[in-house]
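Letter by letter, the chains look like this.
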Amino acid sequence: MKSRIESNLKEAKVLLESGELVAIPTETVYGLAANAFQADAVIRIFETKNRPHFDPLIVHVAGIEGVSEVVAETPPVALKLMQTFWPGPLTIVLRKSSKIPDIVTSGLDTVGVRMPDHALTLELLRSLDFPLAAPSANPFGYISPTSAQHVAKQLGDRIPYILDGGICSVGVESTIIDCTSQTPVVLRLGGTTIEQITEAIGFVEVNTTSSSAPQAPGMTLSHYAPRKHMYIGSIQNLLQEIEGEVSVLSFQDSYPNYRNIRLSETGDLKEAARNLFSAMRMLDADPGHVIIGEWLPDVGLGRAINDRLRRAASQAKS
Ligand code: TXA
Ligand code: MG
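These numbers were taken from a predicted model, which means no experiment stands behind them.

The two faces of strand β15 (residues 290–293) match: Val290 and Ile292 on one face and Ile291 and Gly293 on the other face are all buried. Inspection of the sheet shows strand β12 (residues 229–232) paired to β15 by four bridges, in the parallel sense. Each bridged residue has a counterpart across the sheet, and for methionine 230 the counterpart in β15 is isoleucine 291. Pairing between strand β13 (residues 246–250) and β15: four bridges, direction parallel. Note that in β15 the partner of valine 246 across the bridge is valine 290.

Shown next as structure tokens:
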């Protein structure tokens, strides 16, 4: 099978209604979607991605109204987050409803839910009478896809249809916030910044290392990783220490003597986030045997980018 890459909503709808998988665009990364209420369809997501069954999926809804059939209850703080940040890159973890099969949440009694900010996918969600369970549309552990072509490259012979919605405008995954306890806890840094969340609801805890769902490898140290070794630090120092052919992933500065991708010439963190995963993919396909990169300013989206760089560099590779 070769997936078709098109923007035909009717076809995507028909496939999803018959229990097939469809890759869908979102503002963060492309997702690999199935009917969230249908366990046999969801199982295929895990098979297709080689994803371990203990890593729960995010459920995508068309709007706040759609949340009530996914979760058991919506506390006021969660409602406030939805009203402030949806549609957008924020996943909210709440107690799950009985309509969500255990396979979606890996047996947890909570579920992550979000309303993505992408016109095509919102129209698709509105046309369906079920929400969509979707992890990022990449093989487990590899760099997330931010274009339809990225999805096709790795999963193109395993899924029938990729709904092409262009390049993802945010470029890093959603922020995940657990609202099941008194104080909300951020479990994954992402497209909505801690600063924005604090401004909306006040104090939050941030716990992205030992998450409340330790069985969820999306938060484990080695993830989002290229196949090559990646080192992060001072580029000048790393260039002196590392021998052989290297590729350089820099924030703003240019390194004309090397194969180099700059994330943002103007030092704009939004632009850097949007470019991050495609830059990592390009350098991974380079002849250089090692990728070296540098930390970005640890504020706003820079924190989510640094988190991805840290995990990409932590992959144990042979
Ligand atoms: O931006 C995104 O969130 C993208 C797009 C497609 O929406 N999706 C995405 O999904 O990044 P995925 O599967 O790559 O990451 C989902 C992560 C899991 O690895 C897990 O860590 C966390 O979400 N998660 C899901 N349900 C959870 C739950 N009930 N409790 C704690 N963490 C959960
Ligand atoms: Mg993922």
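Counted under the stated rule, the structure contains 15 salt bridges. Between glutamate 27 and arginine 114 there is a salt bridge; the shortest N-O distance is 2.8 Å. In this pair, glutamate 27 sits in the loop between β2 (22–24) and β3 (31–35) while arginine 114 sits in strand β6 (residues 110–114), placing the two residues 87 residues apart along the sequence. Glutamate 27 sits in the buried class, given a relative accessible area of 2%. Put simply, arginine 308 and glutamate 173 hold a salt bridge, and the shortest N to O gap is 2.9 Å. With arginine 308 in helix α10 (residues 301–313) and glutamate 173 in the loop between β8 (161–163) and β9 (175–178), this pair connects stretches of sequence that are 135 residues apart. The two residues arginine 308 and glutamate 173 agree in class, both being buried. One network of salt bridges, with partners in common, ties together Glu173, Asp307, Arg308 and Arg311.

If you check the shell around ligand 1, you find 26 residues, and the closest are Thr28, Arg51, Asp55, His60 and Ser174. A distance of 2.6 Å separates an oxygen atom of ligand 1 from a polar side-chain atom of histidine 60. One nitrogen or oxygen atom from the side chain of arginine 114 is found 3.0 Å from an oxygen atom belonging to ligand 1. Across the complex, the protein chains shield 97% of the 680 Å² of accessible surface that ligand 1 would expose by itself. Of all the secondary structure elements, the ones that give two or more residues to the shell around ligand 1 are β4 (58–60), β6 and β10 (185–188).

Counted under the stated rule, the structure contains one cavity of 30 Å³ or more. Considering only enclosed or pocket space, the largest cavity measures out at about 60 Å³ in volume. Among the secondary structure elements, those contributing two or more residues to the lining of the largest cavity are α7 (194–201) and α10. By residue class, the composition of the lining of the largest cavity is four nonpolar, five polar and two charged. Split by domain, the lining of the largest cavity shows at least three residues from each of two domains, domain 1 (4–206) and domain 2 (229–316).

With that settled, consider α10. In this model, α10 (13 residues) spans 19 Å end to end at C-alpha, consistent with the 18 Å of a helix rising 1.5 Å per residue. With ten of its 13 residues buried, α10 lies for the most part within the structure. When α10 is considered as a whole, its buried residues turn out to be Leu301, Gly302, Ala304, Ile305, Asn306, Asp307, Arg308, Leu309, Arg311 and Ala312. Tucked inside the fold, the buried residues of α10 contact β10, β12, β13 and α9 (269–284).

Structurally, valine 299 can be placed in the loop between β15 and α10. A relative accessible area of 46% means that valine 299 is categorised as partly exposed. Distance from valine 299 to isoleucine 194, taken between C-alpha atoms, is 8.8 Å for residues 105 residues apart in sequence. Ignoring sequence-local partners within four residues, the contact set of valine 299 consists of Glu195 and Leu269.

Reading the values: rules and limits
- Throughout, residues of each chain are indexed from 1 in the direction in which the sequence is written.
- Lettering of chains starts at A and numbering of ligands starts at 1, both following the order in which they are written.
- This being a predicted model, a pLDDT of at least 70 is required before a residue's local features are given, and a value of 80 or more before pairs of side-chain atoms are given or counted; all residues contribute to the totals for chains, interfaces and linings.
- Water and hydrogen atoms were dropped before computing side-chain values, which therefore reflect all heavy atoms in the structure.
- Each residue's exposure class comes from its accessible area (1.4 Å probe, protein chains only) as a fraction of the maximum for that residue type: buried when under 20%, exposed when over 50%, partly exposed otherwise.
- Helix and strand definitions here come from DSSP, where helices need a minimum of 4 consecutive H or I residues and strands a minimum of 2 consecutive E residues; each element is numbered from the N-terminal end.
- The criterion for strand pairing is that DSSP finds at least two bridges linking the strands in question.
- A pairing counts as a salt bridge when a side-chain nitrogen of Lys or Arg comes within 4 Å of a carboxyl oxygen of Asp or Glu.
- A molecule or strand has a residue near it when one of that residue's heavy atoms lies within 4 Å.
- For the purposes of these results, a polar contact is taken to be a pair of N or O atoms within 3.5 Å, where, inside protein, one atom must be able to donate a hydrogen and its partner to accept one; residues adjacent in sequence count only when each atom of the pair is a side-chain atom.
- Computed by Shrake-Rupley with a 1.4 Å probe, the accessible areas treat only the displayed protein chains as cover when residues are assessed.
- In this analysis, the protein atoms alone were mapped onto a 1 Å grid. Cavities are point sets where a 1.4 Å probe fits without being able to get out; pockets are open sets with protein on both sides within 12 Å along at least five of seven lines; lining residues have an atom within 4 Å of a point.
- Grid points are joined across faces, edges and corners, and a volume is the space filled by probe spheres set on the points.
- In this classification, the charged set is Asp, Glu, Lys and Arg, the nonpolar set is Ala, Val, Leu, Ile, Met, Phe, Trp, Tyr, Cys and Pro, and all remaining amino acids, among them Gly, are polar.
- For each domain, the first and last residues come from an automatic or database assignment.
- To estimate the expected span of a helix, subtract one from its residue number and multiply by 1.5 Å.
- What makes two residues a contact is simply this: any of their non-hydrogen atoms within 4.5 Å.

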